[in-house]
Amino acid sequence: MIKAILFDLDGTILDRESSLNNFIDDQYDKFISYLKHIERTTFKNKFIELDKNGYVWKDKVYAQLIDYFNINNLTPDVFLNDYTTNFRNSCLAYPNLYKTLKILTANNYKLGIITNGKFPFQYKNIEALKIEEYMDIILVSEQEEIKKPNPLIFERAAEKLGVKLNECIFVGDSLENDYKASNSAGMYAIYKGNNDQDSINTIPTIKDLSEIPCIINNYN
């Protein structure tokens, strides 16, 4: 019997690609006097390339951008402070997130988030989505000093929720860090495919968050 649904954050409930695009546009405009020698799309594309889907922290990204584009009179710290302070203002949820959370809550499932990343940065992004009220637990890897795919972070989440690992479903967009890691830890898992090529017929896969309640019924 499934009692808890746990989510990854970036690429699962937070539309990070759209959020990041919005943020880069805003940051480019904010620092246009320093960046006017760089075309907007060129700056944005290089940022996204160096960011590597969020796996590179922004101190390194900004240092590389400054060097690559020969940006004068701006330090990586100035860029980074703007990112950590204001990225939350660009955060966008995936479609049907709130509808899905309301359905799951109404059906008495315990809910939580396990996300790799910096604290309090990731928590502020969750607050920006206005979903913390739905969550029974929120685990951010830097604060927990454990990160996915380490099974201990999944075990900790289940313990905090007061449920067994095999009473949990984890939903995430990374095959390695989310689907395989949670499954290996003892949870059921759902893979969120965000691109056409992500469709995998051999494992439970969703394209839209609204599909989750129907899939849960298959386990109960």
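Our structure is the block above this text.
Please read all numbers here as calculations on a predicted model, not as lab measurements.

Overview of the packing of aromatic side chains
Here is step 1 of the chain: Under the criterion given, the structure shown has 17 aromatic pairs.
Here is step 2 of the chain: Geometrically, the ring pair formed by F43 and F69 is tilted, given 6.1 Å between the ring centres and 40° between the ring planes. Pair noted here: F43 is in helix α3 (residues 40-51) and F69 is in helix α4 (residues 58-69), with a separation of 26 residues, a long-range link.
Here is step 3 of the chain: You can call F43 buried: its relative accessible area is 0%.
Here is step 4 of the chain: An aromatic cluster is built from F23, W57, Y83, F87 and F121, whose rings are joined through pairwise contacts.
Here is step 5 of the chain: Directly above the aromatic system of Y68 lies the positively charged group of K46, at a separation of 4.2 Å from the ring centroid.

Some remarks on the environment of K148
Here is step 1 of the chain: Examined against the element boundaries, K148 turns out to sit in the loop between α8 (141-144) and α9 (151-161).
Here is step 2 of the chain: Relative accessible area serves as the criterion here: at 4%, K148 is assigned to the buried category.
Here is step 3 of the chain: The spacing of K148 and K58 is 90 residues in sequence and 20 Å in space, taken between C-alpha atoms.
Here is step 4 of the chain: Ignoring anything within four residues of it in the chain, the contact list for K148 reads D8, I114, T115, N116, I153, F154, F170, N177 and D178.
Here is step 5 of the chain: Separated by 2.8 Å, the side chains of K148 and D8 make a polar contact.

Analysis parameters
Residues numbered from 1 in each chain as written. Predicted model: local features only at pLDDT ≥ 70, side-chain atom pairs only at ≥ 80, totals over all residues. Heavy atoms only, no water. Phe/Tyr/Trp six-rings, centres within 6.5 Å; stacked < 30°, edge-to-face > 60°. Helix = DSSP H or I, 4+ residues; strand = E, 2+ residues; numbered from the N terminus. Buried < 20%, exposed > 50% of the residue type's maximum accessible area, 1.4 Å probe, protein only. Lys NZ or Arg CZ within 6 Å of the ring centre and 35° of its normal. Contact = heavy atoms within 4.5 Å. Polar contact = N/O pair within 3.5 Å; in protein donor to acceptor, adjacent residues only side chain to side chain.

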